[in-house]
Amino acid sequence: TPIQEQAIPWLHEGRDVVGQAQTGSGKTLAFGIPLVEGCTRNEPGVQGLVLVPPRELAIQVASVLEAVADRRVVITLLYGGRPLGGEKRALQKGAQVIVGTPGRTLDHLRQGNLSLRSVRMLVLDEADEMLDLGFLPDVERIVAMTPDNRQTMLFSATMPGVIVNLARRYM
């Protein structure tokens, strides 16, 4: 798709990318392929973090990434509405990629179940929805816990001024 054609080469080069495309246009594969290819299973720590607003989208994104990864890397899904225990055990086993909603990801960070010190790639997916749903303070707290030298990918269906400002701040 056009978003994949334009984003994937830049992401493979390690560049930060802001991608705007409608829902259903292939954005998940546009960031998912370079994300999975950029992770190594035998390296300790979380290497990729994907933040998405609603749990339904988190589940969808994780399933696409798992299909792309084909067991080459471990993907762990974090979202509210279910007990923390299973997610905590999955994090203890080790994961290279985390797909999570901001609130639940922050819960695990606060409890010490998750460290973002090894993150090399950060994806803010459906950034416009995250802002509409009031996740900006949580997103900012999470991003502050990632290394400054990470690659940042921001994907959104629309690009309001707040999104542009967010991109300028983190990219």
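Nothing here was measured: the structure is a model prediction, and the numbers come from that model.

So, how was this worked out
- Counting of residues starts from 1 at the beginning of each chain's written sequence and follows it residue by residue.
- Residues qualify for local features only when their pLDDT is at least 70, as the model is predicted, and side-chain atom pairs are given and counted only at 80 or more; totals for whole chains, interfaces and linings, by contrast, use all residues.
- The side-chain figures draw on all heavy atoms in the structure; neither hydrogens nor water molecules are used.
- Every case where a carboxyl oxygen of Asp or Glu lies within 4 Å of a side-chain nitrogen of Lys or Arg is listed as a salt bridge.
- For the exposure calls, accessible area comes from a 1.4 Å probe over protein chains only, and a residue counts as buried if that area is under 20% of its type's maximum, exposed if over 50%, partly exposed in between.
- Note on conventions: DSSP H or I runs of at least 4 residues are helices, E runs of at least 2 residues are strands, and numbering of each starts at the N terminus.
- Within 6.5 Å between ring centres, the rings of Phe, Tyr and Trp (the latter by its six-membered ring) count as paired, and their orientation is classed by plane angle as stacked under 30 degrees, edge-to-face over 60, tilted in between.
- Any two strands with at least two DSSP bridges between them are considered paired.
- Inter-axis angles, ranging from 0 to 180 degrees, are taken between N-to-C directions of lines fitted to C-alpha atoms, where helices are fitted over the stretch in contact.

K.L.:
In this structure, what is going on with the pattern of salt bridges? I would like to understand it.
P.N.:
Two side chains of opposite charge can pair, provided their charged atoms sit close to one another. Counting across every chain of the model gives eight salt bridges. Notably, a salt bridge pairs Arg-82 with Glu-87, separated by 2.9 Å at the nearest N-O pair. The class of Arg-82 is partly exposed, set by a relative accessible area of 30%. By relative accessible area, Glu-87 is classed as buried at 3%. Between Arg-104 and Glu-87 there is a salt bridge whose closest N-O contact spans 2.9 Å. Here Glu-87 lies in helix H4 (residues 84-93) and Arg-104 lies in helix H5 (residues 102-110), a separation of 17 residues in the sequence.

K.L.:
Explain the packing of aromatic side chains here, please?
P.N.:
A ring pair, where both rings are aromatic, is described by two values, the distance of the centres and the angle of the planes. Enumeration according to the criterion identifies one aromatic pair in this entry. Between Phe-31 and Phe-155, the aromatic rings sit 5.5 Å apart at their centres with planes inclined by 50°, giving tilted as the arrangement. Of this pair, Phe-31 sits in helix H2 (residues 27-37) while Phe-155 sits in strand S6 (residues 151-156); the two residues are 124 residues apart in sequence, bridging distant segments of the chain. On the accessibility criterion, Phe-31 (0% relative accessible area) is buried.

K.L.:
Which parts of the structure should I look at to understand the sheet that holds S6?
P.N.:
One key point about sheets: their strands pair by backbone hydrogen bonds, in either a parallel or an antiparallel sense. Ordered by their spatial adjacency, six strands build an open sheet running S1-S6-S5-S2-S4-S3, and the pairing between neighbours is parallel. Strands at the two margins of the open sheet, each flanked by one partner only, are strand S1 (17-20) and strand S3 (75-78). Going from strand to strand, the sheet's axes swing by 15° on average, the running direction of each strand aside. Pairing of strand S2 (residues 48-51) with strand S5 (residues 121-125) involves four bridges; the strand directions are parallel. By the bridge assignment for S5, Val-50 is matched with Val-123.

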